Amino acid sequence: MLCLATRFFFIARYLDSCDSIDFALGLQDYDLSRFQPHFPGYPVYISISRLFFKVFHDDVWALAMPGVLFGSLTIFPLSLLAKHLFSEKVAIVTALFYLLNPLCWLQSERPTSDTMGLFFVIVSACLLCYASTTAYKGCIFWGSLALGLGLGIRISNFPFIAVWAVSLFYVATRKVPREIKALSPGLLGLTIGIIAWLFPQIGYVGWRPFWQNGFSFSRGHFTDWGGSVITFGGLDRIICLAKSIWTYGLGGWWYDSSVLRSIPSAIIAISLFWFLKYCHTNRRVRFFGVYVVPYLLWVILGQNVANPRHMLPIIPMLLMMLAYGLCKACERSRKGVSQIFILIMIVSMAVTSFRLVNKYHQEVPAPVQIIQWIERRFNPLSLRIYCSDEKRFFDYYAPQWDVRKVRDMTEVQTDLLSSVWKPQNILMVHSGRETRQFSTTRPPKVTFRGDPYTDSTRDELLLYILSGF
């Protein structure tokens, strides 16, 4: 209940990313070809959000409430998993860390599918972990079913099929012959979970359009705008990955953060050392490896590592590792020190997270700030705006405006020269990382800074006036 309350009272007030805009447009007009939302359509998440829309009649609340609800419920399977792997003390500390973790708390407030997807991943991992030791067919079936349904919430969680496959392999190769029969519930559960959303999705969209959208989106994701290792690599990618996990995920210190964060950072480092020291190579370590490594490899190769939300699925496991290290040190004649460390971690997480979610709840996302700023100063009837990814925000918040998506300054010039009629006011909006593509001798009229924890507003947005071009 405390977890639910902390999430509910700081819920988002605006759509804050291109994905959330896609979801909101999809609530009203579901169309994969127009990225409403993008492939594969997130059918389970959209279906649950539509139920909340019937209650709240508001896009933001409809899309954020699944995260609030399922983000709070995640504390149950996470605690059970920690108790099964370690002990009840570790489960309690893990639950407290999850409750107050900055990334887990913030993502539960946002109108995205990540937190709801995390719930199904943790439920699946918990049940499959139980099945590996008990071979109980019910755990195998329901854990597999949860994973299959979870793929309809976030298809990018597919690397956790490794947990499912290794668990079933472990059960099937145990010495008791009857446990081989446990494979069929696992295969059945995963198949039913996937079919439950995939077949209705294909029936609604159509076989050919569905696969065409899938190939087109996959190609664009890996080779153009998805932030994969093909389009964004080198040292900058490594730095973004480290910062997303260490700073945004665990609340560790970075050069641009407060020096006070160095205290919990030192405790995190010591706790991880204690975990490695006391947790010998056994089924628990193997489970962590099978859970974390495949997904982390997928993030490194195929995801945008600058988006902290992509690290969300591995954060609960890291919190469990910290909790085990501290609790184990408490048992090994370091009771006073470990208890002080736990208290400091709880207080520091609470302060950091409260400031973060309160700021997120109160402030307006940078793209929405730009729309509001333009609305106060210009007549939309005599206005044209050039932008890149920000066009999705204009499509939602100001669909009647003349907004055109361009990729660089050359396209802006080409469009202006080919226009029969030129409006009185011409504006251009782009992010700070796109300065090279949109280089101009004119200084920006105004700069809007966003929240680095969120996707589309993590970079500053620059607005230029090009009238008289």
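Quick look at the structure, then. No experiment lies behind these values; they were computed from the predicted model shown.

Before going further, it helps to spend a moment on the environment of serine 72. With respect to the helices and strands, serine 72 occurs in helix α4 (residues 59-73). Residues serine 72 and glutamate 331, spaced 259 residues apart in sequence, show a C-alpha to C-alpha distance of 30 Å. Apart from the residues lying within four places of it in its own chain, the contact partners of serine 72 are Cys3, Leu4, Arg7 and Gly67. A polar contact of 2.7 Å, which involves the side chain of serine 72, links it to the backbone oxygen of valine 68.

A complete count under the given rule lists 35 aromatic pairs for this structure. Both rings, one in phenylalanine 8 and one in tryptophan 61, keep their centres 5.5 Å apart while their planes meet at 75°; by these two values the pair is edge-to-face. Of this pair, phenylalanine 8 sits in helix α1 (residues 2-8) while tryptophan 61 is found in helix α4, placing the two residues 53 residues apart along the sequence. A relative accessible area of 25% means that tryptophan 61 is categorised as partly exposed. By the ring-pair criterion, three or more aromatic residues cluster together here, those being Phe86, Phe160, Phe275, Phe287, Phe288, Tyr291, Tyr295 and Tyr324. Positioned above the aromatic ring of tyrosine 98 is the side chain of arginine 7, whose terminal nitrogen or guanidinium carbon lies 5.6 Å from the ring centre.

Its location among the elements puts serine 265 in helix α14 (residues 262-278). A distance of 2.6 Å separates a polar atom in the side chain of serine 265 from the backbone nitrogen of tryptophan 253. Sequence-distant contacts of serine 265, defined by excluding residues within four places in its chain, comprise Trp246, Gly252 and Trp253.

Another point: the side chain of asparagine 304. Here asparagine 304 is to be found in the loop between α15 (283-302) and α16 (315-331). The buried category is assigned to asparagine 304, whose relative accessible area is 12%. In terms of polar contacts, asparagine 304 uses its side chain to reach the backbone amide nitrogen of alanine 306, at 3.1 Å.

Turning next to empty space enclosed by the protein. One pass over the structure, following the stated rule, counts 3 cavities of 30 Å³ or more. Looking at the largest cavity, its volume works out to about 140 Å³. Lining the largest cavity are 16 residues; nearest its centre among them are Tyr360, Glu363, Val364, Pro365 and Asp451. Elements with a contribution of two residues or more to the lining of the largest cavity: α17 (335-362) and α18 (366-377). Of the residues belonging to the lining of the largest cavity, the class tally is 6 nonpolar, 4 polar and 6 charged. Taken as a whole, the second largest cavity encloses approximately 60 Å³ of empty space. Every residue lining the second largest cavity is listed: Pro102, Leu250, Gly251, Pro264, Ile268, Met345, Ser348, Met349 and Thr352. Those elements that provide at least two residues to the lining of the second largest cavity are α14 and α17. At 4 residues, the largest contribution of residues to the lining of the second largest cavity is made by α17.

About the cut-offs
Within each chain, residue numbers correspond to sequence positions counted from 1 in written order. For this predicted model, a pLDDT threshold of at least 70 governs which residues receive local features, and a threshold of 80 or more governs which side-chain atom pairs are given and counted, while totals over whole chains, interfaces and linings are taken from all residues. No hydrogens and no water enter the side-chain calculation; it runs on all heavy atoms of the structure. Each helix is a run of DSSP H or I of at least 4 residues and each strand a run of E of at least 2, with the numbering of both proceeding from the N terminus. Contacts were defined at the residue level, with two residues in contact if any of their heavy atoms lie within 4.5 Å. Within 3.5 Å is the distance limit for a polar contact, defined as a pair of N or O atoms, with the added protein rule that one can donate a hydrogen and the other accept it, and that residues adjacent in sequence qualify only through two side-chain atoms. Ring pairs are drawn from Phe, Tyr and Trp, using the six-membered ring of Trp, whenever the two centres fall within 6.5 Å, and their geometry is named by plane angle: stacked under 30 degrees, edge-to-face over 60, tilted for the rest. Exposure categories follow from relative accessible area, calculated using a 1.4 Å probe and restricted to protein chains: below 20% of the type maximum is buried, above 50% is exposed, and the middle band is partly exposed. Criterion for a charge above a ring: Lys NZ or Arg CZ within 6 Å of the ring centre, and within 35 degrees of the ring normal. Site definitions follow a grid-based scheme: protein atoms alone, a 1 Å grid, a 1.4 Å probe that fits but cannot get out for cavities, and for pockets an open set with protein on both sides within 12 Å along at least five of seven lines, plus lining residues having an atom within 4 Å of a point. Grid points are joined across faces, edges and corners, and a volume is the space filled by probe spheres set on the points. Gly falls in the polar group here, along with every residue not listed as nonpolar (Ala, Val, Leu, Ile, Met, Phe, Trp, Tyr, Cys, Pro) or charged (Asp, Glu, Lys, Arg).

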